[in-house]
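Commentary on secondary and tertiary structure
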Amino acid sequence: MEDENQIEQFINEVVVLSLINHRNVVNLLGCCLESQVPLLVYEFITNGTLFEHINNQSKASNISWENRLQIAAESAGVLSYLHSAASIPIIHRDVKSTNILLDDNYIAKVSDFGASRFVPLGQNQLATVVQGTLGYLDPEYMFTSQLTEKSDVYSFGVVLVELITGKKALSFDRPEEERCLAMYFISCMNNDCLNQIIDEHMVIEGNTEELKEVANLAKRCLRVKGEERPYMKEVAMELEGLIRKKISKNGFNYAETENMLGNASIGYVVGGCGSNTTTASVDSMEEDMLLHGGR
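All of the points below concern the structure found in this document. Everything numeric here is computed off the predicted structure, so don't read it as measured data.

Excluding glycine, residues mostly carry a negative phi; peptide bonds, for their part, are mostly trans. For R93, which is not glycine, the phi torsion reads 80 degrees and is therefore positive. Of note, R93 is situated in the loop between β4 (90-91) and β5 (100-102). Taking relative accessible area as the criterion, R93 reaches 7% and is therefore assigned buried. Of note, the phi angle at D192 is positive, near 55 degrees, even though the residue is not glycine. D192 gets classed as exposed once you look at its relative accessible area, which sits at 70%.

Encoded structure:
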């Protein structure tokens, strides 16, 4: 009740969410200042967190590879928007599976912007007190206190690994060399033994090639040096490309194609309520990347 840090995060969340209204971001409906402890009121997301679905054995079997791929693409789309399309670039700063909520159709809703930071125009990094969640924290940020959009990329890479493996980002119940999922994953990739940690539910579905592609993308996101990681726009495009390839390969009908791509596309509303809606398609993203040198 008297935690100054919580008050700061409360205000920060209101400010950030008042400037963005993305269909894959949890809607802030309002706030209540009349109670003893100020409250934020959000839309109700019915299906819990992504963390619950990939770490609960009974739920994990119900979330297919198609669901996981779509959730990854939608979440990447939100981060790409925050970094590249928002009027002022925003770094989420606490990307993790517990901050990705799911509705009844497994549509992703990114939440918790209390730790987020605006990046002043003309700057590409911020000096801050290190904040985040162990297991997801960018090691470069942890050692330098310099926050960049590539810090979100690292954290998202951990989420991708969670989706592939069904394992927690950090667990002291595992052997020492396996406690940090990101490090264990990189070790398995370097030793060509990815099959040892892939979620058994995904292997049964026979998606080996797609799993390898997402694993390679995750490996690039988890590079120690931030400058060597891809931008979120590139990550989002690669995931969208995988969905398109899957649709083409499986020969889905028109309605199914529109539904799957519609759910995973990177649509957003700029500037809060009452603004015009702009949908950034893969094609327009590719054009933008060419114009801005890959950024």
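Take the pairing of strand β2 (residues 28-32) next. Note: β2 against strand β3 (residues 39-42), 4 bridges, orientation antiparallel. By the bridge assignment for β3, C32 is matched with L39. Taking the residues between adjacent antiparallel strands as the criterion, β2 and β3 are bridged by 6 residues.

Think of a pair of aromatic rings as described by two things: how far the centres are apart, and how the planes are tilted against each other in angle. Summed over all chains, the structure comprises 0 aromatic pairs. A cation sits over an aromatic face here: K150 above Y231, 4.3 Å from the ring centre.

This brings us to the packing of helix α4 (residues 65-84) against helix α10 (residues 232-250). Packing of α4 against α10 brings their axes to within 8 Å, and their N-to-C directions diverge by 150 degrees. Of the possible angle classes, the one that applies to α4 and α10 is roughly antiparallel. In the crossing of α4 with α10, the sense of the turn from one axis to the other is left-handed. Contact residues: α4 offers W65, E66, L69, Q70, A72, A73, A76, G77, L79, S80, H83 and S84, while α10 offers M232, K233, V235, A236, L239, L242, I243 and K246. Across the contact of α4 with α10, the residue classes tally to 12 nonpolar, 5 polar and 3 charged.

What counts and how
Residues numbered from 1 in each chain as written. Predicted model: local features only at pLDDT ≥ 70, side-chain atom pairs only at ≥ 80, totals over all residues. Heavy atoms only, no water. Helix = DSSP H or I, 4+ residues; strand = E, 2+ residues; numbered from the N terminus. Buried < 20%, exposed > 50% of the residue type's maximum accessible area, 1.4 Å probe, protein only. Pairing = 2+ DSSP bridges. Phe/Tyr/Trp six-rings, centres within 6.5 Å; stacked < 30°, edge-to-face > 60°. Lys NZ or Arg CZ within 6 Å of the ring centre and 35° of its normal. Axes fitted to C-alpha atoms, helices over the stretch in contact; angles between N-to-C directions. Parallel < 35°, antiparallel > 145°, perpendicular 65-115°, else oblique. Left-handed = near helix turned anticlockwise from the far one by under 90°. Contact = heavy atoms within 4.5 Å. Nonpolar A, V, L, I, M, F, W, Y, C, P; charged D, E, K, R; others polar.

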